[in-house]
Amino acid sequence: MSKPPQPRRLRSDDYASGPFAPHGRVEIWSEGSVVRLRAEGPFNAESVQAIGLAMAQLFAEAPPKGRFADILVFHGSILATPEALAAFDGFLARMSQAKTAPLAVAYVVGAEVEGRDLMLPVFKRLYDKHRRRFAHFEDEAQAEAWVREQLSADGG
């Protein structure tokens, strides 16, 4: 019996360009109706731009079929510069325009992750602004259950 093929994982570092190095990195892959991201901050605008390019490549290669959700697991830090937050705001707007926005987004941010208490309300406001369902958890299993519930409730 053979194992199913592993999904291709894209790394934001492979999409970075420009005069400044990205601070923060993300690995992205798709598992059916869930797009998974492993993120390690802190983040600057260049890292957000690279993440957007990696996400666009993922959608070009393997677009989710139907409604989907994101699960982001943070390590190290969730801190982001004001420029990174502005770039992220633009990224969320472009996803909405392109109709590639997830139905729901779950962040997994353990108590050890730097900037957690400061940044989670900031990210919630951004997701609310762009009409995304957003929740955060300390445990990946809880995030997974919430995402599956959101997809089921929406008929996904």
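Predicted model only: the values in this text are computed from it and were never measured.

(A) Spatial organisation of the overall build of the protein. A tally of helices and strands in the protein yields four helices and six strands. Here the protein, with 156 residues, has 47% of them falling under the buried criterion. Here the analysis covers contacts within the protein between residues at least 6 apart in sequence; of these, 70% occur between residues at least 24 apart. Summed over all atoms, the accessible surface of the protein reaches about 8500 Å², with 54% contributed by carbon and sulfur.

(B) Structural context of helix α4 (residues 140–153). In this model α4 runs 20 Å from its N-terminal to its C-terminal C-alpha over 14 residues, within 8% of the 20 Å that 1.5 Å per residue would give. Taken together, the buried positions of α4 are occupied by Ala 143, Trp 146, Val 147, Gln 150 and Leu 151. The buried residues of α4 all sit within an arc of 135 degrees when viewed along its axis, so they share a single face. Facing away from the buried side of α4 by more than 90 degrees, the exposed set consists of Ala 141, Glu 149, Ser 152 and Ala 153. Looking at the buried residues of α4, the elements they touch are β3 (34–40), β4 (69–75), β5 (104–108) and β6 (133–137). The N-capping residue of α4, defined by a side-chain oxygen 2.9 Å from the backbone nitrogen of Ala 141, is Asp 139.

(C) Structural detail: the nonpolar core. Within the largest apolar cluster, 37 residues are counted, with the highest numbers of intra-cluster contacts made by Ile 28, Phe 74, Ile 78, Phe 88, Tyr 107 and Phe 123. Contributing elements (two or more residues each) for this core: β2 (25–31), β3, α1 (45–61), β4, α2 (82–97), β5 and α3 (116–129). Excluding its chain neighbours within four sequence positions, the residues that come into contact with Ile 78 are Phe 43, Tyr 107, Val 109, Val 113, Glu 114, Gly 115, Arg 116, Met 119, Leu 120 and Phe 123. Counting residues in each nonpolar core, the second largest holds 14 residues, with Val 73, Ala 135, Trp 146 and Leu 151 among its members.

(D) The arrangement of the confidence of the model for the protein in detail. Taken as a whole, the protein shows an average pLDDT of 86; of its residues, 83% reach a score of 70 or greater. Within the protein, no element has a lower average pLDDT than strand β1 (residues 10–11), which sits at 50, and none a higher one than β6, at 98.

Definitions and cut-offs
Residues numbered from 1 in each chain as written. Predicted model: local features only at pLDDT ≥ 70, side-chain atom pairs only at ≥ 80, totals over all residues. Heavy atoms only, no water. Helix = DSSP H or I, 4+ residues; strand = E, 2+ residues; numbered from the N terminus. Buried < 20%, exposed > 50% of the residue type's maximum accessible area, 1.4 Å probe, protein only. Contact = heavy atoms within 4.5 Å. Areas by Shrake-Rupley, 256 points an atom, 1.4 Å probe, with all protein chains shown as cover. Expected span 1.5 Å × (residues − 1). Arc of directions from axis to C-beta. Polar contact = N/O pair within 3.5 Å; in protein donor to acceptor, adjacent residues only side chain to side chain. Core = buried A, V, L, I, M, F, W, Y, C linked by side-chain atoms within 4.5 Å. pLDDT = per-residue confidence, 0-100.

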